[in-house]
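Structural description and commentary
Listed below, chain by chain, are the residues.
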Amino acid sequence: MFVRPDEDTRTDGGFRGERDVLAGYLRDQRITLELKCAGLDAEALARRSVEPSDLSLLGLVRHLAGVEQYWFRQVMAGQDVRRHYRSEAQPAGEFTGAVADPALVADAWATWRAEVAFAERLVAQAPGMDVTGDRGGEPMELREVLVHMIEEYARHNGHADLLRERIDGRVGQ
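These remarks concern the structure in this document. (Residues numbered from 1 in each chain as written. Predicted model: local features only at pLDDT ≥ 70, side-chain atom pairs only at ≥ 80, totals over all residues. Heavy atoms only, no water.)

On to the overall build of the protein, then. In terms of helices and strands, the protein carries six helices and two strands. Start at the N end of the protein and walk to the C end: the helices and strands fall as α-α-α-α-α-β-β-α. For 173 residues, the compact-globule estimate of 2.2 N^0.38 gives 16 Å, and the C-alpha radius of gyration of the protein, at 16 Å, lies within 12% of that figure. By principal-axis analysis of the C-alpha atoms, the protein measures approximately 45 × 45 × 25 Å. Taking all 173 residues of the protein together, the buried fraction comes to 45%. In the protein, once contacts between residues fewer than 6 apart in sequence are set aside, the share between residues at least 24 apart is 70%. Total accessible area on the protein is roughly 9000 Å²; 52% of this is exposed by carbon and sulfur atoms. (Helix = DSSP H or I, 4+ residues; strand = E, 2+ residues; numbered from the N terminus. Rg over C-alpha atoms; globule rule 2.2 N^0.38 Å. Buried < 20%, exposed > 50% of the residue type's maximum accessible area, 1.4 Å probe, protein only. Contact = heavy atoms within 4.5 Å. Areas by Shrake-Rupley, 256 points an atom, 1.4 Å probe, with all protein chains shown as cover.)

Here you go:
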């Protein structure tokens, strides 16, 4: 087990109202990512799955920081910001640049946490779930972004389960 049941901060449901349901399930998925990475050093976090894949836990943290940034800062808040870890020259930079460097790991977690905090504030302050952002000229409601984010984390937490098992044999909750 990653965490004893009495120490698990995930809620396992029990939310009321659309905003709380969506934000709550997304929060639990975010916590799950942290649990999958807990206690690992830079080398373990940067360890690739299998050749030729560049998938790693650190790459997932960096990728999800970029996903948070895209959906909440760019699409929902309309901010024009430079993407984290990727560029035209390095479209998969969040994965290819995920190397075993403690400073890089610290940066990835700080970036991810800052993007999560921004997203949580945006959701909490939104007047409703029907608030729209702009995705390439098409309107997108906040509720759809939240559902997409839950799906995104759930998929990548599945990857994280397999990566963690390969690193030290731990299998997840």
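Moving on from the coordinates now.
With that settled, consider unusual backbone geometry. For residues besides glycine, phi is generally negative; the peptide bonds are generally trans as well. Residue Pro52 is bonded to the preceding Glu51 through a cis peptide linkage, with omega at 0°. Relative to the helices and strands, Pro52 is located in the loop between helix H2 (42–46) and helix H3 (57–76). At Tyr85, a residue that is not glycine, the phi angle is positive and equals roughly 70°. The exposure class of Tyr85 is buried, given its relative accessible area of 17%.

Once that is clear, we can look at the pattern of salt bridges. This model, assessed by the stated rule, comprises 13 salt bridges. Between Arg47 and Glu43 there is a salt bridge, and its shortest N-O distance comes to 3.9 Å. Judged by its relative accessible area of 31%, Arg47 is partly exposed. A residue is classified by how much of its surface remains accessible, and Glu43, at 52% relative accessible area, is exposed. Note that Arg143 is salt-bridged to Glu141, the shortest N-O span being 2.6 Å. Taking the relative accessible area as the measure of exposure, Glu141 reaches 30% and is therefore partly exposed. (Salt bridge = Lys/Arg side-chain N within 4 Å of Asp/Glu carboxyl O.)

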